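Residues per chain, in single letters:
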Amino acid sequence: MKKTIFIFILMCLFSCGDYIDKPKNLIPKDQMAEILADLAINDQATYMYPNTNLEAGTRYVLKSHNVKSVDFVESFKYYVIKQKMQGITEDAQVILLEKDPKADKFIKDKLKKNGPSQKDIPVLSR
């Protein structure tokens, strides 16, 4: 009985590994942030112009960064599971604010009007 418990414990210890393997074509974090920023701009364009095609815009963004959609999806999954996506999305926010400095003023005005929510506080500290 003791041997069975010992073997079971050893199996549990050695079976613990990563949930996901690192993708072969992993997109670097900085490039991933740039892609997410461009995808956010694309999303807003489709919001402002409802007759535009979101899928075509997404394909264009990925093509402009020389990234295949499969590589993007696999990298996205990897970063989410490894809990690194928050840093990447914060970098994407910085990139968006650099591309459109007026957006920073708009965000601050909205926060003054509505008050900051708990999730907005780290963004304001930059």
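Just so it is clear, the model here is predicted, and its values are computed rather than measured.

Caption draft 1: Inspection of helix α3 (residues 54–64) at higher detail. For α3, the set of buried residues is G57, V61 and L62. What you see down the axis of α3 is that its buried residues fit within an arc of 135°, all on one side. Exposed and oriented more than 90 degrees from the buried face of α3 are R59, Y60 and K63. One or two steps after α3, the chain reaches N66, where phi turns positive at roughly 55°.

Caption draft 2: Quick look at the nonpolar core. Among the nonpolar cores identified, the biggest contains 18 residues, and M32, I35, L36, F72 and I88 are the most heavily contacted of them. Listed by contribution, the elements that provide at least two residues to this core are α2 (29–48), α3, α4 (69–81) and α5 (85–99). The dominant element in this core, judged by the number of residues it contributes, is α2, at six residues. Not counting residues up to four positions away in its chain, the partners in contact with F72 are I27, M32, I35, L36, L39, L62 and V67.

Caption draft 3: Structural view of the confidence of the model for the protein chain. Averaged over every residue, the pLDDT of the protein chain is 80; residues scoring 70 or more account for 76%. Ranking the elements of the protein chain by mean pLDDT puts helix α7 (residues 121–124) last with 48 and α4 first with 92.

Caption draft 4: Representation of the packing of α5 against helix α6 (residues 101–114). Running from N to C, α5 and α6 point in directions that differ by 110°, and their axes come no closer than 4 Å. Considered as vectors, α5 and α6 are oriented roughly perpendicular to each other. Taking contact as the criterion, the partners of L97, E98 and K99 in α5 are, on α6, P101, A103, D104 and I107. Across the contact of α5 with α6, the residue classes break down as four nonpolar, no polar and three charged.

Caption draft 5: Focus on α6. Between its first and last C-alpha, α6 extends 21 Å over 14 residues, near the 20 Å set by a 1.5 Å rise per residue. Across the 14 residues of α6, one count as buried, placing the element largely on the outside.

Caption draft 6: Structural detail: the packing of α2 against α3. One can describe the packing of α2 onto α3 by two numbers: an axis separation of 10 Å at closest approach and a directional angle of 155°. One element, α2, and the other, α3, form an angle in the roughly antiparallel class. With respect to the hand of their crossing, α2 and α3 are arranged in right-handed fashion. Together, I35, D38, L39, N42, D43 and T46 of α2 and L54, G57, T58, V61 and L62 of α3 make up the contact between the two elements. Looking at the contact of α2 with α3, its residues break down into five nonpolar, four polar and two charged.

Caption draft 7: Representation of the pattern of salt bridges in the model. Applying the stated rule across the entire model yields three salt bridges. The partner of E74 in a salt bridge is K77, with the nearest N and O atoms 3.9 Å apart. Pair noted here: E74 and K77 are both in helix α4, with a separation of three residues, about one helical turn. Looking at K77, the relative accessible area reads 41%, which means it is partly exposed.

About the criteria used
Residues numbered from 1 in each chain as written. Predicted model: local features only at pLDDT ≥ 70, side-chain atom pairs only at ≥ 80, totals over all residues. Heavy atoms only, no water. Buried < 20%, exposed > 50% of the residue type's maximum accessible area, 1.4 Å probe, protein only. Helix = DSSP H or I, 4+ residues; strand = E, 2+ residues; numbered from the N terminus. Arc of directions from axis to C-beta. Core = buried A, V, L, I, M, F, W, Y, C linked by side-chain atoms within 4.5 Å. Contact = heavy atoms within 4.5 Å. pLDDT = per-residue confidence, 0-100. Axes fitted to C-alpha atoms, helices over the stretch in contact; angles between N-to-C directions. Parallel < 35°, antiparallel > 145°, perpendicular 65-115°, else oblique. Nonpolar A, V, L, I, M, F, W, Y, C, P; charged D, E, K, R; others polar. Expected span 1.5 Å × (residues − 1). Left-handed = near helix turned anticlockwise from the far one by under 90°. Salt bridge = Lys/Arg side-chain N within 4 Å of Asp/Glu carboxyl O.

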